[in-house]
Amino acid sequence: MPNSTKNITAMANAIRALAMDAVQQANSGHPGAPMGMADMAVALWSRHLRHHPAQPQWADRDRFVLSNGHASMLIYALLHLTGYDLPISEIKAFRQMHSKTPGHPEVGITPGVETTTGPLGQGITNAVGMALAEKMLATEFNREGHRVVDHHTYAFLGDGCLMEGISHEAAALAGAWKLSKLIALYDDNGISIDGQVAPWFVDDTPKRFEAYGWNVVGPVDGHDVDAVDGAIEKAKMCTDKPTLIVCKTAIGKGSPNRANTAKAHGEPLGGDEIKLTRETLGWPHDAFVIPEEVYADWNAKADGEQLVNDWNQRFAAYKTAYPELAAEFTRRMAGELPANFAEICVQAVASAHDKAETVASRKASQIALEFFTAGLPEMLGGSADLTGSNLTNTKSTPAFRVDEDGAVVLTDGKPGRHINYGVREFGMAAIMNGVALHGGYIPYAGTFLTFSDYSRNAIRMAALMKQRVIHVFTHDSIGLGEDGPTHQSVEHAASLRLIPGLDVWRPADTTETTVAWSIALANKNRPSALLLSRQNLPYAPKQDADVITQGAYILAEPSEVGLKKKAVAVIIATGSEVQLALHAQAELAKLAIPVRVVSMPSTTVFDRQPVAYKKEVLPANLPRIAVEAGVTDGWWKYGCAAVVGIDTYGESAPAGVLFKHFGFTTDNVVATVRKVLQLKK
Ligand SMILES: Cc1ncc(C[n+]2csc(CCOP(=O)(O)OP(=O)(O)O)c2C)c(N)n1
Ligand SMILES: [Mg+2]
């Protein structure tokens, strides 16, 4: 939408002024990147970006991701100037408590911010997830003459994002998936925090991206709005590749003494330099004062209104032609589960309960997934090259593929919905975040639990962003056996439980696994991790499956093993160790020692229960013994008198040998309980 009457220099300088003044006022922040990318932003935001400041959630808006999130003042300035609900008072409150302008952009806090960025490399990876979601939704929902899903995903990224390994994972997949509506603009300023990047970042970035199968445009002068505009135009014409536009820029552009230096990166320019910069830019206005005509040039509300109205009309026509599809699209984008979700859960749980099968919990997960993926077309599965081990695929989820021209391959008229992410755990996790943020799909995917460390920061980001992303982590302990300590999780369950806002499940059998899935799916604003066994787990008979939803429950009272006495101790166990607890309970019963077994598939869910329930499950007067094939640390908070765990690394050997070696035996649990009870005497 070029408009020759706009004063593009003033538009860019408004961003520069707001950035340097807000950073100065906060006495903290990053002025250099917003000042350097101001002209790129004018090209994209005033000539291409299809958005509506008054409707930041409009389903078919272009997505914009600021992957170099330290440039937060760039997006805040843009949102303010184009007319989002972000008044100048918020710009003045940059980086202050409870403002809408936090240090780095955060989704859910600032209208118009699509994802939380700051951890470099993840924003561009989220953008890949968004572009993937767009491509799949367009394939699923658009019909001849009805393009209701048709938007671009734009990302700004810098040297830092490109140095991060995850950018390799993301870019490789974007190339493989031929995400032609992903357009990334690289702020090629040759500077990062330590100075000129040349000694540590000498990649040939254009060649690198060409090798991934990207369309590379430029280098262009990133301060020439028309040149960047033209490059975006070119990018939009490419229909079978994502595009990287290399924009040569000067960090801190406009500041006579700081431009092109690392000094511009992460500290206020200072009063004197700001004054000089104002003179150099020819920007005579006071701090936080933007002339009306500049606001008018930036204002995107009228255009946005038009775009949304057009789309509403198109959607109305679609709704008339395809009422069911339209309703389904609306439901999916709202993140609402199908009306029969509760029924599906009941069926899946009842089936598990009735069959009472002895299977590995990873298999139990796949059995549950057969129900859920059949009933929930929004479920988008995947695995980091371990599909046959993670068992994330089902009959309803053929592999996702694109053809030579970049079109999504259809199976029975639908896109595949199990993704081979390749060996890219971190990329997979951050792509899932992008998919969830885009809307329309519930992403889930698997790898071995040990490799959750590779994904960890993206899991944390999902929790921070309150996104429904489900991680399937199989091979959850020494129980995986011969692969040895490199593959055996020891500290992972405990360390995942430390992430605030993440639900962690380690189910003991088919019913617990199915319930875990149902809760993970229903948790619209929370990610979940399901920790699943490689080895078979016998079914743990139970009266009622509903109690599982509380995270922990009384699985077996002494009466279950023929004792009329009240329990004198509680054994708490999770996952594969629940069986061990039950065996110990039976052995103790032979010694006339009555104990209760509590299965605690989710400590995080249990921790949220009312105190009364917690006291019911873990009465104050009974000593507690926890059993879990993992580090003991997390268990002390439950007031345990003893923990049967493993505080070293595992070993290479068959699972049975390992459990014995590390003390996960009935005898040891019995001995531990007895010791605790004697200590109590
Ligand atoms: C994963 C991660 N590591 C480190 C940082 C800290 N950090 C913030 S910006 C930056 C340098 C980024 O360089 P570049 O993208 O070129 O930004 P510019 O200096 O050009 O604005 C670093 C190391 C971070 N935000 N995220
Ligand atoms: Mg840089």
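Residues numbered from 1 in each chain as written. Chains lettered and ligands numbered in written order. Predicted model: local features only at pLDDT ≥ 70, side-chain atom pairs only at ≥ 80, totals over all residues.

*Asks:* Where do I start with the overall build of the protein in this structure?
*Replies:* When you go through the protein residue by residue, the secondary structure sums to 25 helices and 22 strands. For 681 residues, the compact-globule formula gives about 26 Å, and the C-alpha radius of gyration of the protein, at 28 Å, lands near that figure. Dimensions of the protein, computed from C-alpha atoms along their principal axes, come out at roughly 90 × 60 × 45 Å. A buried classification covers 56% of the 681 residues belonging to the protein. Taking as baseline every contact in the protein between residues at least 6 positions apart, the subset at least 24 positions apart corresponds to 78%. (Helix = DSSP H or I, 4+ residues; strand = E, 2+ residues; numbered from the N terminus. Rg over C-alpha atoms; globule rule 2.2 N^0.38 Å. Buried ≥ 20, exposed ≤ 12 C-beta atoms within 10 Å, placed from the backbone. Contact = placed C-beta atoms within 7 Å.)

*Asks:* How do you make sense of the sheet that holds strand E1 (residues 63-66) when you look at a structure like this?
*Replies:* In a beta sheet, neighbouring strands pair by backbone hydrogen bonds and run either parallel or antiparallel. Across the sheet, five strands lie side by side as E1-E2-E3-E7-E6; this open sheet has parallel pairing. Whereas interior strands pair on both sides, the edge strands pair on one side only; in this sheet they are E1 and strand E6 (215-221). Averaged over all adjacent pairs, the angle separating strand axes in this sheet is 15 degrees, with direction ignored. (Pairing = 2+ DSSP bridges. Axes fitted to C-alpha atoms, helices over the stretch in contact; angles between N-to-C directions.)

*Asks:* What exactly am I supposed to notice about the nonpolar core here?
*Replies:* Side chains of nonpolar character tend, in soluble globular proteins, to be buried together. Counting residues in each nonpolar core, the largest one holds 211 residues, and the members touching the most others are Leu74, Val128, Ile245 and Ile571. Looking at this core, the element that brings in the most residues is helix H1 (residues 8-26), giving 12 residues. Apart from the residues lying within four places of it in its own chain, the contact partners of isoleucine 571 are Ala581, Ala584, Gln585, Val595, Val597, Ile625, Val627, Val669 and Val673. (Core = buried A, V, L, I, M, F, W, Y, C linked by C-beta atoms within 7 Å.)

*Asks:* Hey, could you run me through the site of ligand 1 in this one?
*Replies:* Close to ligand 1 lie 16 residues; Ala33, Gly158, Asp159, Gly160 and Ser192 are nearest. Sorting the residues of the shell around ligand 1 by element identifies helix H2 (32-47), helix H6 (159-163) and strand E4 (191-192) as the ones contributing at least two each. Here the residues of the shell around ligand 1 are counted per class, giving six nonpolar, nine polar and one charged. (Near = placed C-beta within 6 Å. Nonpolar A, V, L, I, M, F, W, Y, C, P; charged D, E, K, R; others polar.)

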